[in-house]
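Listed below, chain by chain, are the residues.
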Amino acid sequence: MEKLKTIKRECSVEFEEKKSKFIASVKPVFSKEEAEEYINYIKSLHPNATHNCSAYKINNKGLEFFKVDDDGEPSGTAGKPMGDIINYMEVTNLVVIATRYFGGIKLGAGGLVRNYAKTAKLGITEAEIIDFVNKVDLLFEIPYEKLGEIEKLLKDYEAEVIDKSFLEKIIFKVRINEEFLTNLENYPYVNLIDL
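Cut-off values and rules
Residues numbered from 1 in each chain as written. Predicted model: local features only at pLDDT ≥ 70, side-chain atom pairs only at ≥ 80, totals over all residues. Heavy atoms only, no water. Helix = DSSP H or I, 4+ residues; strand = E, 2+ residues; numbered from the N terminus. Buried < 20%, exposed > 50% of the residue type's maximum accessible area, 1.4 Å probe, protein only. Contact = heavy atoms within 4.5 Å. Lys, Arg positive; Asp, Glu negative; His and termini not counted. Charge placed at Lys NZ, Arg CZ, Asp CG, Glu CD. Pairing = 2+ DSSP bridges. UniProt positions renumbered as here; feature names shortened; annotations may be inferred. Axes fitted to C-alpha atoms, helices over the stretch in contact; angles between N-to-C directions. Domains from an automatic or database assignment. Parallel < 35°, antiparallel > 145°, perpendicular 65-115°, else oblique. Left-handed = near helix turned anticlockwise from the far one by under 90°. Nonpolar A, V, L, I, M, F, W, Y, C, P; charged D, E, K, R; others polar. Core = buried A, V, L, I, M, F, W, Y, C linked by side-chain atoms within 4.5 Å.

What follows covers the overall build of the chain. Broken down by element type, the chain carries five helices and 11 strands. Dimensions along the principal axes, computed over C-alpha positions, put the chain at roughly 65 × 40 × 25 Å. The buried share among the 195 residues of the chain stands at 44%. When contacts within the chain are restricted to residue pairs at least 6 apart in sequence, those whose partners lie at least 24 apart make up 67%. Across the chain, the 27 positively charged side chains and the 33 negatively charged ones have centroids separated by 7 Å.

Attention now moves to the pairing of strand E4 (residues 51-60). In terms of burial, E4 is a largely internal element, nine of the 10 residues being buried. Where E4 and strand E6 (residues 94-101) come together, seven bridges link them in antiparallel fashion. Residue pairing in the sheet places Ser 54 in a bridge with Ile 97 of E6. Linking E4 to strand E5 (residues 63-69), which pair antiparallel, is a turn of two residues; within it Lys 61 sits at a positive phi near 50°.

Right, let's get into the UniProt feature "domain: Impact N-terminal" (unreviewed entry) in the chain. According to UniProt, the positions carrying the feature "domain: Impact N-terminal" (unreviewed entry) are residues 18-121. End C-alpha to end C-alpha, residues 18-121 measures 19 Å, and it is 37% helix and 33% strand.

What follows concerns the sheet that holds strand E3 (residues 20-28). Pairing within the open sheet is antiparallel, and its five strands lie in the order E2-E3-E6-E4-E5. Both outer strands of the open sheet, strand E2 (11-17) and E5, are each paired with one neighbouring strand and no more. For this sheet, the mean inter-axis angle between neighbouring strands, taken without regard to orientation, is 10°. Across seven bridges, E2 lies against E3 in antiparallel orientation. Following the sheet pairing, Cys 11 is matched in E3 by Val 26.

Here we take up the domain arrangement of the chain. Under the domain assignment used here, the chain contains domain 1 (5-131) and domain 2 (135-194). Of note, the centres of domain 1 and domain 2, computed from C-alpha atoms alone, are 34 Å apart.

Further remarks concern the packing of helix H2 (residues 79-88) against helix H3 (residues 108-127). The interhelical angle for the contact between H2 and H3, taken along N-to-C directions, is 40°, at an axis separation of 8 Å. As far as their axial angle goes, H3 and H2 are oblique. In terms of crossing hand, the pair formed by H2 and H3 is right-handed. Residue-level contacts link Pro 81, Met 82, Ile 85 and Ile 86 of H2 to Val 113, Tyr 116, Ala 117, Ala 120, Lys 121 and Ile 124 of H3. Split into classes, the residues belonging to the contact of H2 with H3 amount to nine nonpolar, no polar and one charged.

The biggest cluster of nonpolar side chains holds 23 residues, and the ones touching the most others in it are Met 82, Ile 86, Leu 94, Val 96, Tyr 116 and Ile 124. Elements with a minimum of two residues in this core: E2, E3, E4, H2, E6 and H3. A per-element tally of this core places H3 first, with six residues. When neighbours within four sequence positions are excluded, Met 82 is seen to be in contact with Cys 53, Ser 54, Ala 55, Val 96, Ile 97, Ala 98, Tyr 116 and Ala 120. Among the nonpolar cores identified, the runner-up in size contains 17 residues, and Phe 140, Leu 153, Leu 154 and Ile 170 belong to it.

What follows is the structure, encoded as structure tokens:
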């Protein structure tokens, strides 16, 4: 089975074409809900934009979700070319939004297709393509004296610490690659809590 690719980080890139401003906003995501939330978030940042076109592709436990949206541009001139770039660059688990501020000069259908494809490609390239590692959200508690050890471990596994609470024990909520789970028996002091 070939290795899936995704992007490393959230980022945005912009350029101008015939006075129209294009902004690519790209983010790694793990669910349709996360993708839709990010699209709505970007729309809220650019309420005066002419269009916020989007495309996302998600591979979740073997199920694939793929969606493109022209957001008012002529059909097939925005979302589809962005989706084509995602497929061409062979990346998954990401959402790409192209925000356009119309500059007064029409680009024509060909110009739109080229520029929306360019927006997606610039954004994905800037976000850096990496091997996809399946990540899981975990909630666990540890004793205080193990904090240094667990923080090093989370760093080694490139975990994203979502939340940390200092109660009787320290409770962590993390997004971490699945490999961590298989090695957990080496750390008997880590107590998993069901999400």
